[in-house]
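# Coordinate analysis (summary)
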Amino acid sequence: MARVMVVDVSVEVTLLARLFGIPVVVMAMPGTRTDAPHTLGYRSADHLIAAWPQEVYDPEWLHPYAHKTSYVGGISRFDGRRTPPDADDSDDRPTVLVMGGSGGSALSSGDFRSWKSRHTRYRWEGLGVPGGVWADDPWPSLCRADVVIGHAGQNTVADIAAARRPAVLVAERRPYDEQHATTAALHSAGLSVGLPEWPDPDRWPELIERARGEDPAQWARWQTSGAAARAAAIVDRIAEEEAPT
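These numbers were taken from a predicted model, which means no experiment stands behind them.

### Side note on the overall build of the chain
Counting its regular elements, the chain contains eight helices and nine strands. What you see for the chain is a C-alpha radius of gyration of 20 Å, in line with the 18 Å of a compact globule of 245 residues. Referenced to the eigenvectors of the C-alpha coordinate spread, the extents of the chain come out at roughly 65 × 35 × 30 Å. Each of the 245 residues in the chain was classed as buried or not, and the buried ones make up 49%. Of the contacts formed within the chain by residues at least 6 apart in sequence, a portion of 61% connects residues at least 24 apart. Only carbon and sulfur atoms are counted for the fraction: they give 50% of the accessible area of the chain, which is about 12200 Å². Taken as two groups, the 25 positive and 33 negative side-chain charges of the chain have centres that lie 1 Å from each other.

### Considering the pairing of strand β3 (residues 47-50)
Neither face of β3 is exposed, since H47 and I49 on one face and L48 and A50 on the opposite face are all buried. With four bridges connecting them, strand β2 (residues 24-28) and β3 associate as parallel partners. Counterpart to V25 in the pairing with β3 is H47. Regarding topology, helix α2 (residues 36-44) serves as the crossover connection from β2 to the parallel β3, and that connection is right-handed. Note: β3 against strand β4 (residues 69-71), three bridges, orientation parallel. By the bridge assignment, L48 is partnered in β4 with T69.

### Some words on the environment of G104
Mapped onto the secondary structure, G104 falls in the loop between β5 (95-99) and α3 (109-118). A residue is classified by how much of its surface remains accessible, and G104, at 36% relative accessible area, is partly exposed. Expressed as a C-alpha distance, the spacing of G104 and P130, which sit 26 residues apart in the sequence, is 8.9 Å.

### Some points on unusual backbone geometry
Positive phi is not limited to glycine here, since R164 has a value of about 60°. Positionally, R164 belongs in the loop between α5 (154-163) and β8 (167-170). Look at D177: it is not a glycine, yet its phi comes out positive at around 55°. Examined against the element boundaries, D177 turns out to sit in the loop between β8 and α6 (178-189). Overall, D177 belongs to the partly exposed group, its relative accessible area being 45%.

### Overview of the sheet that holds β3
Spatially, four strands are ordered β1-β2-β3-β4 in an open sheet, and the strand pairing comes out parallel. Every interior strand has two partners, whereas the edge strands, β1 (5-7) and β4, have only one. Strand after strand, the sheet turns through a mean of 25° between neighbouring axes, direction not considered. With three bridges connecting them, β1 and β2 associate as parallel partners. Counterpart to V7 in the pairing with β2 is V26.

### Remarks on the nonpolar core
Counting 42 residues, the largest nonpolar core has Y42, W52, L62, L142, W219 and W222 as its most contacted members. Contributing elements (two or more residues each) for this core: β2, β3, β5, α4 (139-144), α5, β8 and α6. It is α5 that contributes the most residues to this core, five residues altogether. Look past the residues within four positions of Y42 in its chain and what remains in contact with it is V26, M27, A28, M29, R33, L48, W61, Y65 and K68.

### Description of the packing of helix α1 (residues 11-19) against α2
Remark: α1 packs on α2, axes separated minimally by 9 Å, with the N-to-C direction vectors making an angle of 35°. Regarding α1 and α2, the two cross each other, and that crossing is left-handed. For the pair formed by α1 and α2, the contact residues are V11, T14, L15 and R18 on the first element and P37, H38, L40, G41 and S44 on the second. Classifying every residue of the contact of α1 with α2 by side-chain character gives four nonpolar, four polar and one charged.

### Some remarks on the sheet that holds strand β7 (residues 147-151)
Read from one edge of the open sheet, five strands run β6-β5-β7-β8-β9, paired in parallel fashion. Edge strands, defined here as strands with exactly one partner in the open sheet, are β6 (123-127) and β9 (193-195). Direction aside, neighbouring strands of the sheet carry axes that sit 15° apart on average. Where β5 meets β7, four bridges bridge the pair, whose relative direction is parallel. Bridged to V96 within β7 is V147. Of the strands in this sheet, β5 and β6 touch α3, which is tilted by about 165° from β6.

Calculation criteria
Residues numbered from 1 in each chain as written. Predicted model: local features only at pLDDT ≥ 70, side-chain atom pairs only at ≥ 80, totals over all residues. Heavy atoms only, no water. Helix = DSSP H or I, 4+ residues; strand = E, 2+ residues; numbered from the N terminus. Rg over C-alpha atoms; globule rule 2.2 N^0.38 Å. Buried < 20%, exposed > 50% of the residue type's maximum accessible area, 1.4 Å probe, protein only. Contact = heavy atoms within 4.5 Å. Areas by Shrake-Rupley, 256 points an atom, 1.4 Å probe, with all protein chains shown as cover. Lys, Arg positive; Asp, Glu negative; His and termini not counted. Charge placed at Lys NZ, Arg CZ, Asp CG, Glu CD. Pairing = 2+ DSSP bridges. Right-handed = clockwise from strand over helix to strand, strands pointing away. Axes fitted to C-alpha atoms, helices over the stretch in contact; angles between N-to-C directions. Core = buried A, V, L, I, M, F, W, Y, C linked by side-chain atoms within 4.5 Å. Left-handed = near helix turned anticlockwise from the far one by under 90°. Nonpolar A, V, L, I, M, F, W, Y, C, P; charged D, E, K, R; others polar.

Below, the structure is given as C-alpha cells:
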C-alpha cells in the first residue's frame, strides 16, 4: 500500500485514498475554493500544500485549514538553473516574449501577428502561442526576454519568477477565478503588471514599459528557490507521521 498520496485537484481521488487509509497531501489552488466539493477535499486531507508564498497571496478561504497548510513558494522546473550567456545580437530592440500554453487561451495567432506589425519598436517572440512555435526548453528564450507577456497559470508564474523577468500577466478564464486571483495578488505586491483580460493592442507600449520599470529582483518574494524540495519534505513528513506502528 502507498505510504502517502499527493493529489492535485481531484476530490474523488482524495476521498478514495482516505477510504483505503492512505494519508493524503492535497495541492491547494488559487481562486475562490469555497464550494462543497473543494471544502470536502480540503477537510479530508491530512495536509495542504500551497505552491505560492503566504506573504504575497493569503486567501481567507484557506484560513480554516491553517493548522495543516504549508506555503512552499512557486514550484518551477527551472529552480537553480543557471542563466545562459547572452548571445551576440545586432538587434538592440527590447525583446518581448509572449508565452502561451495548452490550457486554452483567448489569445490567437492573429493577435500576435498584429502586435508584431503594429509595435515594431520591440522584437516579438512567441512560444506556445496558438498556431505558433513550441519549445521543449523555453528557458533560454525566457532568460533573454526584456519583458514576458503570459497568462497567470501556476507554472508560467513560477518559471517567470525563477528567471527574474519583468512581466505582464493576463488572467485567462479558469474555474473559480484562479488566474484572476493570482494576477491581482502579484499586481498588488508589485511583482508584475497584472490585467484581468487581454488589453487593447494600442496599450502594449505603455504596459511593456511599465513592466520594464519594475524591479525584477522582487520575484524573489515568490520563493521559487527550494520550493519543490520544501514540498517533498512535507510529503515525507506526512508519510512518516501517518505510517502504521
